[in-house]
Amino acid sequence: MRKFSLSLVLFSGLLLSAQTEQKILSGDLSHEARVIPYNKRAIFDVYSQIRTEAAIVLPDAEKVMAVTCGDAGEMGNWITVWSPESNVVVVKPAKQGATTSINIQTNHGLIYTGVLHEVSLTPGAHADLKVYIQPDEEMRTPLNQAPKFVAASIADGYKREAEAAHAEAEAAHKQAAIDLDRTKAETEAKYPEKMKLGYTFDHSKKAPFPVDAIWNDGKFTYISGHFSEPPAVFETKDGQPALIDCQYEDGVYVLRKVVDQGTLRVGKKQMAFERKIG
C-alpha cells in the first residue's frame, strides 16, 4: 500500500509539473519591437523566454566584432549567435529564470552592455522578440567616422581582392610590354618602305643634341638620339617658332605631325633641322 501511495505521489507531482510548465510556456510574447534609448553609461535590459529567441539590433553603421556573455558556453544557460558582417546579436535562454550580462563590442570601438532576463516564471511579463538599441548623439559621433577595426575574415577578403587586383595589373603590364615590342618590331620592319629620312641637321652629335636620325612616316615625325637632357621641340612656320606637343620614350621623340622645319632647344642652345623637299 505504501509503495502504491508513493507511486501515486510521484505521478501527481509529474502531472502538476507538466501542467505548470505548460502554463509557463503559454505566456505572452511581445508582438512589437522595442526601442531602447542608450548612452555610454547605460545598461539595457532584454526580456526573453525559453524556446524563443530575441534579436538585439544595433545601429546600421555598426558591425559586431565580439560578444561576451556571463552565462554562455556549452555548460551555460544562454546561447548567443552573431556574425562579423552583421549588426545583430541573437540571444536564447536555455533555463527558466536565468539572468546574465552581455557585452557587445563593435567595429567603431563602442561597447554595448546589457542584462538578459528569462521571464517565463514572471507573472504578467512579456518576452522580447526584437529590440533596437538607439544610441544618443555622443555615441553616434564615432558612427559617422571610419571603423577602427575590421574582422579578420573581412580583412582576409580584402587581402585576397588586393592580391588578385595586383596579379591582374601585372598580367596587363606584361601583355602591354609584349604588345609594345610587337608594334616596334612591325614598325621597324616597315622602315625601308615607309620611313623618309630626308632631313638635314647637325650630324656632329655634340651635346646637348646627340641626334642619331630624323624621319617621318607621312603622319608623324620622329627624332632619335641619346639625350642626357631631353630638349624642347619647336616647329618653325613663317619664321616664327611654336612649341610642339610630343611624346618622348626610349630616346625617341614622336611629333604628331610631319614637321618641315624646326629646332631643338636646351636652355639658350639650339639645333635646327629641316626636311628636304623633293
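This report concerns the structure included in the present document. Per-chain numbering applies: the sequence of each chain, read as written, is numbered from 1 onward. Note on the predicted model: pLDDT of at least 70 is required for a residue's local features to be given, and 80 or more for side-chain atom pairs to be given and counted; whole-chain, interface and lining totals, by contrast, use all residues. Note that the side-chain values use all heavy atoms of the structure and ignore hydrogens as well as water.

A closer look at the pattern of salt bridges
For clarity, the cut-off: Criterion for a salt bridge: a side-chain nitrogen of Lys or Arg within 4 Å of a carboxyl oxygen of Asp or Glu. Starting at the N terminus, helices and strands are each numbered in turn, a helix being any DSSP run of H or I of at least four residues and a strand any DSSP run of E of at least two. Only protein chains enter the accessibility calculation, which uses a 1.4 Å probe; a residue is then buried when its area is under 20% of its type maximum, exposed when over 50%, and partly exposed in between.
Under the counting rule described, the total for this entry stands at five salt bridges. The shortest N-O distance in the salt bridge between E235 and K257 comes to 2.9 Å. With E235 in strand 13 (residues 232-237) and K257 in the loop between strand 16 (252-255) and strand 17 (261-266), this residue pair connects regions lying 22 residues apart in the sequence. On the accessibility criterion, K257 (31% relative accessible area) is partly exposed.

So, the nonpolar core
How we decide: Among the buried residues, those of types Ala, Val, Leu, Ile, Met, Phe, Trp, Tyr and Cys that are joined through side-chain atoms within 4.5 Å form a nonpolar core.
Membership of the largest hydrophobic core comes to 24 residues, with the highest contact counts inside it found for F44, I56, I102, I104 and Y112. Top contributing element to this core by residue count: strand 4 (residues 64-69), with three residues. V211, F227, Y253 and V266 belong to the second-largest nonpolar core, a separate cluster that totals 16 residues.

So, unusual backbone geometry
The residue after A207, namely P208, is reached through a cis peptide bond having omega 5°. Structurally, the position occupied by P208 is in the loop between strand 10 (199-200) and strand 11 (211-216). At K205, a position not held by glycine, the phi torsion is positive, near 60°. Structurally, K205 can be placed in the loop between strand 10 and strand 11. Judged by relative accessible area, which is 45%, K205 ranks as partly exposed. The backbone of D238 sits at a positive phi, close to 55°, despite the residue not being glycine. The residue D238 is located in the loop between strand 13 and strand 14 (240-243) in this model. Since its relative accessible area comes to 81%, D238 is described here as exposed.

These figures come from the coordinates and say nothing about function on their own.
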